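What follows is the residue order along each chain.
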Amino acid sequence: MLKIKLFINNFALNSKRINCKVFYFPALLIIILLNLNGCGKDLPENRPAGIESVNLLNQDSTVVKFPDAFKGNILLLTFIYTNCPDICPMTTHNMQLIQEQLKKVDITNVRFAELSFDPLRDTPYILKEFGDIRNIDYHNFTFLTGDAQVIKRILNKMNILAIPGDTSKTESGKIVYFYTHTDRITLIDKGGNIRNEYRGSKTDIQQIINDIKTLGD
Amino acid sequence: MMLFLSLLAMLNSSGPKVKIENAWVRPANKGMNSALYFNLNNVTSKADALYKVTSKIAELVQIHSTVKNDDGTMGMKEIRQIAVPANSIIKFEPGGYHIMLINLKRKLKTNSKIEFTFYFKTGGKVKIKAVVKKE
């Protein structure tokens, strides 16, 4: 009887050891892989944005070193012009919704930037008005403008098209023109690498939030 | 003859008309542009067409459509008129058809109301008020 009890105890101990080797190691491997995913390995892109360091102006006319000022944080970047009546306000609204959602889940390492591809009209003052009328929370949300040639180089680097259409003049003398432009929000990780791109105006906000969570801290 | 034509026009415009529903305008600042959105609900058994919208709020008011190009870029084009088939709803919504308000004469504050006049080929004039609100 004693021998039987010893046999059962030994079997139980061995079983635990076997379980540990056969089951725990793969489980551990899966956890490690999941953690790696948590670092954003499974996002579709991982290439340097490669934007040269330039000086831009924000909505308060403060010089912002771009993109350096955003490194160390996840950046959601989009390109707009404030005379756009339809697409750009939609994109801005989506950025705002993402900002609100992230605030609710206490994710604080994300910055939002909207760079104007119409710097001749989009002065800091105009950008501020555009943001104010939308009640933008500027604590991590920045509008940017700057020298037209500098912005052109950024657009080229980011593969953003912004083509002005025919210009006309109203009776009051106001010059009117609209852009045909890329409709995109770009997700950039804290190391300055592009990790995903989304349509800006009609986008799946939850997917962007999930991707941000995947990038983690 | 003129009187006859006027009476005819009145008769034309006094029948059932296309309804303009859920009209709203995006907030914007003076001197900037905005857009008017709504549903055109043709509850009649006659086809109609919207060919003009006017308002004192902007220097220019135009019927536009947002279009997606083959290269993925987005642009706009002006439209001369939009057919509204009998018993149909045509939606003017963000990213699609909209009424462009160019060079606003004053700031469009949230919850304020803006007057517009719609002109239809068959149904004549329809006046509405649209509320200023966010998306």
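Residues numbered from 1 in each chain as written. Chains lettered and ligands numbered in written order. Predicted model: local features only at pLDDT ≥ 70, side-chain atom pairs only at ≥ 80, totals over all residues.

### Points about the overall build of chain A
Line of reasoning, step 1. For chain A, the count of helices and strands is five helices and twelve strands.
Line of reasoning, step 2. In chain A, which comprises 217 residues, the share counted as buried stands at 36%.
Line of reasoning, step 3. Residue pairs at least 24 apart in sequence account for 68% of intrachain contacts in chain A once pairs closer than 6 positions are excluded. (Helix = DSSP H or I, 4+ residues; strand = E, 2+ residues; numbered from the N terminus. Buried ≥ 20, exposed ≤ 12 C-beta atoms within 10 Å, placed from the backbone. Contact = placed C-beta atoms within 7 Å.)

### Examining the confidence of the model for chain A
Regions with low pLDDT should not have their predicted coordinates read in detail.
Residue and element names in this part refer to chain A.
Line of reasoning, step 1. When pLDDT is averaged across chain A, the result is 87; 81% of the residues are at 70 or more.
Line of reasoning, step 2. A low-confidence stretch, residues 1-8 (pLDDT under 50), is modelled with zero contacts involving residues beyond four sequence positions or located in other chains.
Line of reasoning, step 3. Overall, residues 31-38 carries pLDDT values under 50, and its contacts beyond four positions in sequence, including any with other chains, amount to five contacts. (pLDDT = per-residue confidence, 0-100.)

### A few points about unusual backbone geometry
Line of reasoning, step 1. Note that the residue after Phe66 of chain A, namely Pro67 of chain A, is joined by a cis bond; omega there is 0 degrees.
Line of reasoning, step 2. Residue position: Pro67 of chain A is located in the loop between strand S3 (63-66) and strand S4 (74-80).
Line of reasoning, step 3. In this structure, Asn87 of chain B takes a positive phi of about 50 degrees despite not being glycine.
Line of reasoning, step 4. One can find Asn87 of chain B in the loop between strand S6 (82-84) and strand S7 (88-92).

### Digging into the nonpolar core
Line of reasoning, step 1. One finds Leu75, Leu76, Ala113, Leu115 and Leu144 of chain A to be the most contacted residues of the largest nonpolar core, which totals 45 residues.
Line of reasoning, step 2. Those residues in contact with Ala113 of chain A that sit more than four places away from it in its chain are Phe70, Leu75, Leu77, Thr142 and Leu144 of chain A.
Line of reasoning, step 3. In terms of nonpolar packing, the next biggest core, distinct from the first, is built from 30 residues, Val25, Ala28, Leu50 and Val84 of chain B among them. (Core = buried A, V, L, I, M, F, W, Y, C linked by C-beta atoms within 7 Å.)

### As for the interface of chain A and chain B
Line of reasoning, step 1. Chain A puts 23 residues into the contact, and the matching count from chain B is 25 residues.
Line of reasoning, step 2. Those elements that provide at least two residues to the side of chain A that touches chain B are helix H2 (87-104) and strand S10 (179-181) of chain A.
Line of reasoning, step 3. With four residues, H2 of chain A is the single largest residue contributor to the side of chain A that touches chain B.
Line of reasoning, step 4. Residues of the side of chain A that touches chain B, tallied by class, amount to eight nonpolar, nine polar and six charged. (Nonpolar A, V, L, I, M, F, W, Y, C, P; charged D, E, K, R; others polar.)

### Some words on the packing of H2 of chain A against helix H5 (residues 205-215) of chain A
Residues and elements named next belong to chain A.
Line of reasoning, step 1. With their axes 10 Å apart at the nearest point, H2 and H5 run at an angle of 50 degrees to one another. Compared by their axis directions, H2 and H5 come out oblique. The handedness of the crossing between H2 and H5 comes out as right-handed. For the pair H2 and H5, the contacting residues are Asn94, Leu97, Ile98, Gln101 and Leu102 in the first and Ile205, Ile208, Ile209 and Ile212 in the second.
Line of reasoning, step 2. Looking at the contact of H2 with H5 residue by residue, the class counts come to seven nonpolar, two polar and no charged. (Axes fitted to C-alpha atoms, helices over the stretch in contact; angles between N-to-C directions. Parallel < 35°, antiparallel > 145°, perpendicular 65-115°, else oblique. Left-handed = near helix turned anticlockwise from the far one by under 90°.)

### Description of the sheet that holds strand S5 (residues 110-116) of chain A
Residues and elements named next belong to chain A.
Line of reasoning, step 1. Spatial ordering of the open sheet is given by S1-S12-S11-S4-S5-S6-S2-S3, a layout of eight strands whose pairing is mixed. In this open sheet, the two edge strands, each paired with only one partner strand, are strand S1 (47-48) and S3.
Line of reasoning, step 2. Where S5 lies against strand S6 (residues 141-145), four bridges are found, and the strand directions are parallel. In the strand pairing of S6, Phe112 is matched with Phe141.
Line of reasoning, step 3. Against the sheet, H2 engages S4, S5, S6 and strand S11 (184-188), with an angle of about 165 degrees to S4.
Line of reasoning, step 4. Where H5 meets the sheet, its contacts fall on S4, S5, S11 and strand S12 (193-199), and the angle it forms with S12 comes to roughly 170 degrees. (Pairing = 2+ DSSP bridges.)

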